[in-house]
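# Structure assessment
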Amino acid sequence: MPPASVRRRQFLQGGTAAALATAFGLPGCASPQAEAAAFAAVPLSRADTLVVPDGYRTQVLYAWGDPVGSPAGMPPFRFDASNSAAEQALQAGMHHDGMEFYPLPYGSGGSTRGLLALNHEYHSDGLLFTDGAAHWSAAKAAKAMAASGVSVIEVELRDGAWQAVRPSRYARRITATTPCAVSGPAAGHALMRTAQDPSGRLVLGTFAGCAHGWTPWGTYLTCEENFQDRFVNAGPRSALQQRDLIPARSRAKWEVADERFDAANHPNEPNRFGWIVEIDPFEPASTPVKRTALGRCCHESATPSLAPDGRLVLYTGDDKAFEYIYKFVSRDKVDLVDRTRNGTLLDEGTLYVARFDADGTGVWLPLVHGQGALTAANGFHDQGDVLVRTRMAADAAGGTKMDRPEWIAVHPRTREVVVTLTNNMERGGKDKPGPDAANPRAGNAYGHLLRWREAGDDPAATSFRWSVLALAGDPAATDAAAKGSFTGDPFANPDGVRFDPSGRLWVMTDISPSRLNQGAFRAFGNNQLLMVDERGVFRRFLTGPVGCEITGLAFTPDGRTAFLNIQHPGEIGGEANDPAQPRKHSN
Ligand code: FEO
Ligand code: CA
Ligand code: CA
Ligand code: CA
């Protein structure tokens, strides 16, 4: 009998395709909403398994360690953790998060063959190595770096089941050492130059990718989130490094393999992370590009919306307490005919930060050098400076400090926008901002969702009207603070949110393993996927195994298949064979 962790890897961890056996969301149905709403919500679960309603079935598609399927080699996963860093770099990385399905052939709109692009948010030493973080070495750091980054795999529906196509000309791993180009206003900026890269235009790697985005021309946007945890600065930290929360004690210990992660000696290296990175899944030899015009922070999602005049809008949140929501509006129009003509579309445009006013209106404040407070007199020297120091620019512009923005969803027809605010225990704390209209709870343990409509329903507008969609909680609770403000099944810590092709809203939760099923959080059970039905009722569709976060939801265009990531199942301990001890996790 293999150890629990091995069984867990085989059956639970990684990308799980929930193949929907009923005609769920089938285009042409008289009433797909009514059909989907007919599912019997699953009960709250504390079991170590995945549960979906009757009539639906699931299969594991791509688990950590599975060969990516590149022609360069397909090393098998070895259960004794003896895969080398080079082998790990040809296998699925760890802890899948934001994911997108791209039909093959490109532009076909098909739903039976395509590419899945997904990012690998972080790594667990306790699973990568038999002795965990003990006896740390450059080789261990190299393997951890190889377990980070992005995968592109080819998938196909054959005989009613999805499978990875191996080998595939598209299959690819991007890791913490893959060369990435830098474009946009901060490319080549003095704050982006390092000893290793005096040009400030070529960065090794992307990592800490969490939620994601996509473009109308079929590229994948990985959002670098908690990049700061790969760095260390044991000495005095600059104001920017303090704002970025660069730790004084090394967490990842990557500096053992590559000294650039020592931010005391390489102070600009952290500036080269915290970006949104564009990857073309259809061109496996293409270089990922860090698009600096989209700003730098702990990005969560880069959700597109197309303005009536053809400009592209991307919404993104900064998942840290009291950080901001942003949107980017491209200067030029998308070329929907020739995908190759959008190569610089994400380099020219305007980045805005959101201000939510108490009267239900809101304003997008431009983060443009020379405008408002973003002047040399206030320490902003050029647009590259504004973008590297996006958070400070947003402070100066007067954005609203939010309760940890995670995913942002855009309705496929109305262009209504929904954002999750996962929690913020510090709200109203000593020397911290108090509640405001858009973040109304002090000590916000459960999180909430907001929605807004842009003026004139034009995604490029500079003002909007917003409202609270739901304060999370348990509708059955007697304590008003724990009750929430919605109808349906209890949930907390919304993280992922996405509209399906027919316009139904889905919500994924990420209660930290340290709180999961502890104290008041017992009311929510394991993390879950909920659907918000046409009446606005939150209904539990799927529950994950113990310790996991539910994330990565993506759909085929026909709405028949949902792809989902079951991230960090069993992450209640640091060691592969001892999943018992709670530890802090807040990704
Ligand atoms: Fe990686 Fe903000 O979740
Ligand atoms: Ca997230
Ligand atoms: Ca996570
Ligand atoms: Ca989260």
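Throughout, residues of each chain are indexed from 1 in the direction in which the sequence is written. Written order determines the labels here, with chains lettered from A and ligands numbered from 1. Predicted model: local features are reported for residues with pLDDT of at least 70 only, side-chain atom pairs are reported and counted for 80 or more only, and whole-chain, interface and lining totals are derived from all residues. As a rule here, side-chain values come from all non-hydrogen atoms in the structure, and water together with hydrogens is ignored.

### Points about the overall build of the chain
The condition that has to hold: A run of H or I in DSSP becomes a helix once it reaches four residues, and a run of E becomes a strand once it reaches two; helices and strands are each numbered from the N terminus. The quantity called the radius of gyration is restricted to C-alpha atoms. Its globule counterpart is 2.2 Å times the number of residues to the power 0.38. For the exposure calls, accessible area comes from a 1.4 Å probe over protein chains only, and a residue counts as buried if that area is under 20% of its type's maximum, exposed if over 50%, partly exposed in between. Contacts: residue pairs with any heavy atoms within 4.5 Å of one another. Shrake-Rupley sampling with a 1.4 Å probe provides the accessible areas, and residues are treated as covered by the protein chains on show and by no other component. His is not counted here, nor are the chain ends, while Lys and Arg score as positive and Asp and Glu score as negative. Every charge is mapped to an atom, namely NZ of Lys, CZ of Arg, CG of Asp or CD of Glu.
Across its full length, the chain carries nine helices and 30 strands. Scaling as 2.2 N^0.38, a compact globule of 587 residues should have a C-alpha radius of gyration of about 25 Å, and the chain matches this with 22 Å. Structurally, the chain occupies a C-alpha span of about 65 × 55 × 55 Å along its principal axes. A buried classification covers 61% of the 587 residues belonging to the chain. Long-range pairs, those at least 24 residues apart, make up 64% of the contacts in the chain between residues at least 6 apart in sequence. Accessible surface computed for the chain: about 20300 Å², of which carbon and sulfur atoms make up 53%. When the 59 positive and 64 negative side-chain charges of the chain are each reduced to one mean point, those points stand 1 Å apart.

### Quick notes on the sheet that holds strand β27 (residues 528-532)
In plain terms, the rule: For two strands to be treated as a pair, DSSP must find no fewer than two bridges joining them. All axes here are fitted lines through C-alpha atoms, helices being fitted over the stretch that makes contact, and every angle between N-to-C directions spans 0 to 180 degrees.
Overall, antiparallel pairing links the four strands, which are arranged β25-β26-β27-β28 in an open sheet. Each edge of the open sheet carries a strand with a single partner, namely β25 (494-499) and β28 (538-543). Along the sheet, successive strands turn relative to each other by an average axial angle of 25 degrees, direction set aside. As judged from the five bridges shared by β27 and β28, these two strands associate in the antiparallel manner. By the bridge assignment, Met531 is partnered in β28 with Arg539.

### Describing the coordination of the calcium ion (ligand 4)
The cut-off we apply is this: A donor here means any N, O or S atom no more than 2.8 Å from the metal (3.2 Å for Na, K and Ca); water is not included, so a site may seem to lack partners.
Surrounding the calcium ion (ligand 4) are the protein donor atoms Glu406 (OE), Asp495 (OD) and Asp510 (OD), at 2.2 to 2.4 Å. Ordering the donors of the calcium ion (ligand 4) by residue number gives the pattern E-x88-D-x14-D. A separation of 3.6 Å is found between the calcium ion (ligand 4) and the calcium ion (ligand 2), which are bridged by Glu406. Taken together, the positions of Glu406 in strand β21 (residues 405-410) and Asp510 in the loop between β26 (505-509) and β27 put the pair 104 residues apart, joining distant regions of the chain. Glu406 sits in the buried class, given a relative accessible area of 0%. Here Asp510 falls in the buried class, since its relative accessible area comes to 8%.

### With respect to the pairing of strand β11 (residues 220-224)
The side chains of a regular strand alternate, first on one face of the sheet and then on the other. With respect to burial, β11 is a largely interior element, five of its five residues being buried. Every second residue of β11 is oriented toward a common face, with Tyr220, Thr222 and Glu224 on one face and Leu221 and Cys223 on the other, all of them buried. With four bridges joining them, strand β10 (residues 209-214) and β11 adopt antiparallel strand pairing. Counted as the bridge partner of Trp214 is Tyr220 from β11. Taking the residues that link successive antiparallel strands as the turn, the β10-β11 hairpin has five residues, and the phi of Gly218 there is positive, at about 80 degrees. Inspection of the sheet shows β11 paired to strand β12 (residues 276-279) by four bridges, in the antiparallel sense. Among the inter-strand pairings, Tyr220 is bridged to a residue of β12, identified as Ile279.

### Topic: the environment of Leu116
Mapped onto the elements of the fold, Leu116 is located in strand β4 (residues 113-120). Remark: the alpha-carbon pair of Leu116 and Arg413, spanning 297 residues in sequence, is separated by 24 Å. Excluding residues that lie within four positions of it along the chain, Leu116 makes contacts with Leu61, Met99, Glu100, Phe101, Ser151, Val152, Ile153, Val155 and Phe563.

### What about unusual backbone geometry?
Cis rather than trans, the peptide bond between Leu104 and Pro105 has omega equal to -10 degrees. Tracing the sequence through the fold places Pro105 in the loop between β3 (96-103) and β4. With omega at -5 degrees, the peptide bond leading from Arg166 into Pro167 counts as cis. Relative to the helices and strands, Pro167 is located in the loop between β6 (161-164) and β7 (172-174). Positive phi, normally seen in glycine, also occurs at Ala208, with a value near 65 degrees.

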